[in-house]
Amino acid sequence: MTLLFLSKIDRAEWWRQELGRRMPGLDIRVWPEVGARDDIEFALVWEPPKGELARYPNLKAIFSLGAGVDHLLDDPGLPAGVPICRVVDRALTAQMSEYVLLNVLRYHRQQPAYARQQAARQWRALKLMQTSERRVGIMGMGVLGQDAAAKLIALGFAVAGWSRTARSVAGVESFHGPDGLAPFLARTEILVCLLPLTPDTEGILNAKTFAHLPAGAALVSAARGGHLVEEDLIPALDTGQLSAASLDVFRNEPLPAEHPFWADGRITITPHVASITDPRSVADLVAENIRRARAGEPFLYVVDTARGY
Ligand code: NDP
Ligand code: OXD
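The text that follows walks through the structure, step by step, so that each part is easy to find.

Parameters and conventions
Per chain, the residues get numbers from 1 upward, laid out in the order the sequence is written. Numbering of ligands from 1 and lettering of chains from A proceed in the order in which they are written. Totals for whole chains, interfaces and linings use all residues, but because this is a predicted model, local features are given only for residues with pLDDT of at least 70 and pairs of side-chain atoms are given and counted only at 80 or more. Side-chain metrics in this entry use all non-hydrogen atoms of the structure; hydrogen atoms and water are not considered. The rule for a residue being near a molecule or strand is that one of its heavy atoms must lie within 4 Å of it. In the analysis that follows, any N or O atom pair within 3.5 Å is treated as a polar contact, provided that within protein one partner can donate a hydrogen and the other can accept it, and provided that, for residues neighboring in sequence, both atoms belong to side chains. Using a 1.4 Å probe, accessible areas were evaluated by the Shrake-Rupley method; residue-level cover was limited to the displayed protein chains. Think of it as three bins: nonpolar holds Ala, Val, Leu, Ile, Met, Phe, Trp, Tyr, Cys and Pro, charged holds Asp, Glu, Lys and Arg, and polar takes everything else, Gly as well. What counts as a helix is a DSSP run of H or I of at least four residues, what counts as a strand is a run of E of at least two, and both are numbered from the N terminus. Each residue's exposure class comes from its accessible area (1.4 Å probe, protein chains only) as a fraction of the maximum for that residue type: buried when under 20%, exposed when over 50%, partly exposed otherwise. Note on charges: Lys and Arg go in the positive column, Asp and Glu in the negative column, and His and the chain ends are not counted at all. Salt bridges are identified by distance alone: a Lys or Arg side-chain nitrogen within 4 Å of an Asp or Glu carboxyl oxygen. Here a Phe, Tyr or Trp ring, Trp counted by its six-membered ring, pairs with any other such ring whose centre lies within 6.5 Å, and the pair is stacked when the planes are under 30 degrees apart, edge-to-face when over 60, and tilted otherwise. Only strands joined by at least two bridges in the DSSP assignment are considered to pair. Seen with its strands pointing away from the viewer, a crossover is right-handed when the path leading from the first strand over the helix to the second is clockwise. Here, expected helix span is obtained from the residue count minus one, scaled by 1.5 Å. Only the contacting stretch of a helix is used when fitting its axis, a line to C-alpha atoms as for every element, and angles between N-to-C directions run 0 to 180 degrees. Contact definition: two residues touch when any of their heavy atoms are within 4.5 Å.

### Here we look at the site of ligand 2
- For ligand 2, the full set of nearby residues is W46, G66, A67, G68, L92, R224, H272 and S275.
- A distance of 2.8 Å separates an oxygen atom of ligand 2 from a polar atom in the side chain of R224.
- Notes on ligand 2: free accessible area 210 Å², of which the protein chains cover 86%.
- Across the shell around ligand 2, the residue classes break down as three nonpolar, four polar and one charged.

### Thoughts on the site of ligand 1
- Contacts to ligand 1 come from 28 residues, most closely from R86, T165, R167, A222 and Y309.
- For ligand 1, an oxygen atom lies 2.9 Å from a polar atom in the backbone of V143.
- Within the side chain of D248, an N or O atom sits 3.0 Å from a nitrogen atom of ligand 1.
- Contact with the protein chains covers 94% of the free accessible surface of ligand 1, which is 940 Å².
- Of all elements in the fold, only α5 (143–154) and β7 (158–163) reach the threshold of two or more residues within the shell around ligand 1.
- Residues that form the shell around ligand 1 fall into these classes: 14 nonpolar, eight polar and six charged.

### Some remarks on the side chain of D89
- Among the structural elements, D89 can be located in the loop between β5 (84–85) and α3 (90–108).
- As a buried residue without a salt bridge, D89 has its nearest oppositely charged side chain in R90, at a separation of 6.8 Å.
- A distance of 3.1 Å separates polar atoms of two side chains, one belonging to D89 and the other to S281.

### Focus on the packing of aromatic side chains
- Tallied over the entire structure, the rule returns four aromatic pairs.
- Aromatic side chains F42 and F63 sit 5.7 Å apart centroid to centroid with 10° between the ring planes, which places their arrangement in the stacked category. On the criterion of sequence distance, the pair formed by F42 in strand β3 (residues 42–45) and F63 in strand β4 (residues 61–64) is long-range, its members being 21 residues apart.
- For F63, a relative accessible area of 3% translates into the label buried.
- Taken together, a centroid distance of 6.2 Å and an interplanar angle of 75° make the contact between F63 and F299 edge-to-face. On the criterion of sequence distance, the pair formed by F63 in strand β4 and F299 in the segment after α9 (279–295) is long-range, its members being 236 residues apart.

### Description of the pairing of β7
- Of all six residues making up β7, five are buried, and the element is well covered by its neighbours.
- Summarising the sheet, strand β6 (residues 135–139) and β7 pair through five bridges and their orientation is parallel. Counterpart to G137 in the pairing with β7 is A160.
- In this fold, the crossover linking β6 to β7 by way of α5 has right-handed handedness.
- As paired strands, β7 and strand β8 (residues 173–176) are joined by four bridges and run parallel to one another.

### What to know about α9
- A rise of 1.5 Å per residue sets the reference length of α9, with its 17 residues, at 24 Å; its end C-alpha atoms lie 23 Å apart and thus fit the reference within 8%.
- Along α9, the positions that sit buried rather than exposed are P279, V282, A283, L285, V286, A287, N289, I290 and R292.
- Phi turns positive one or two residues past the end of α9, at G296, with a value near 70°.

### Focus on the sheet that holds β7
- Read from one edge to the other, the open sheet built from seven strands follows the order β8-β7-β6-β9-β10-β11-β12, with strand pairing classed as parallel. For this open sheet the edge positions go to β8 and β12 (267–269), each flanked by a neighbour on one side alone. Strand-to-strand, the axes of this sheet are offset by a mean angle of 15°, without reference to chain direction.
- Strand contacts of helix α6 (residues 177–186): β6, β7, β8 and β9 (190–193), with the helix running at about 160° to β7, the strand carrying the most contacts.

### Points about the pattern of salt bridges
- This model, assessed by the stated rule, comprises 22 salt bridges.
- Where R292 meets E288, a salt bridge forms, and the shortest distance between an N and an O atom there is 2.7 Å. With R292 and E288 both in helix α9 and four residues apart, this pair spans about one turn of that helix.

This is the structure we're talking about:
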């Protein structure tokens, strides 16, 4: 069994160690030192160069190094018919919920306003709302959205979710489809984006979307930079339609040094670290999928390429 490892950001040696421990016979080739391309049966990848995966004629499966697969599906040369599996992992899910809770609590407890008051040496108590009065809306009620929702509900927040198809999630006010978007936004004071990036969701965080939110809403963009129409954010902050934004993901990563977001005190930036694929747990999933391939069993977490996630 031979696996190609291709990523500019994940640590190949760490993966070799974790996969080697689980599958001692696995031959791991780290790109670009791939040897004979015919040998490669599995590819474990993050943002492979366009067309690269078409160069392995015996590929049985492509494993994304992340939960998202937009970095694969945007390749016009992606080999047809080769299943793509994504990461679903307890540790990755838990980390994303930490990021969501961190930012929702920050806005709920008016931390940006207190930071401004501190800079002005101002001692002034602001109105403290109950969590039950605070309306959080999560776009994307999949693996990550549902976990974040459950944890917010445990803290008492009034949580709504928006998905593509109708979903019933305990304790969540559910909205779905294009028709459900405006009413979902109208009741949402803190908007969290946990959508996959697809042709339907590209640019969904835009001026029109912000206009449906109550004035002064906060944005937490944690899924993909392509969701945000970047030129619409600062104008929405300037008019007060949005009060603040936490951004973990950007159209161009790393965010260029000259980008106006860096210097805007209303925007909180993290470098795509809301959650990280950890080989100590995700190697179990990769090993299990290779075992399944050997046993002729269906893979876990295969992506629907037509749907885009
Ligand atoms: P899932 O596939 O489990 O869930 C996707 C959700 O989005 C589903 O509820 C789906 O609806 C909904 N959705 C998809 N398309 C639309 C649409 N057009 N309109 C409304 N809802 C839609 O994904 P995950 O929760 O596992 O991950 C979400 C994304 O988070 C990933 O794709 C990735 O981009 C990002 N991510 C970011 C990380 C970071 O560090 N910043 C880390 C990990 C992931 P339905 O339920 O009807 O199918
Ligand atoms: C992912 C990511 O998709 O880290 O897992 O962005």
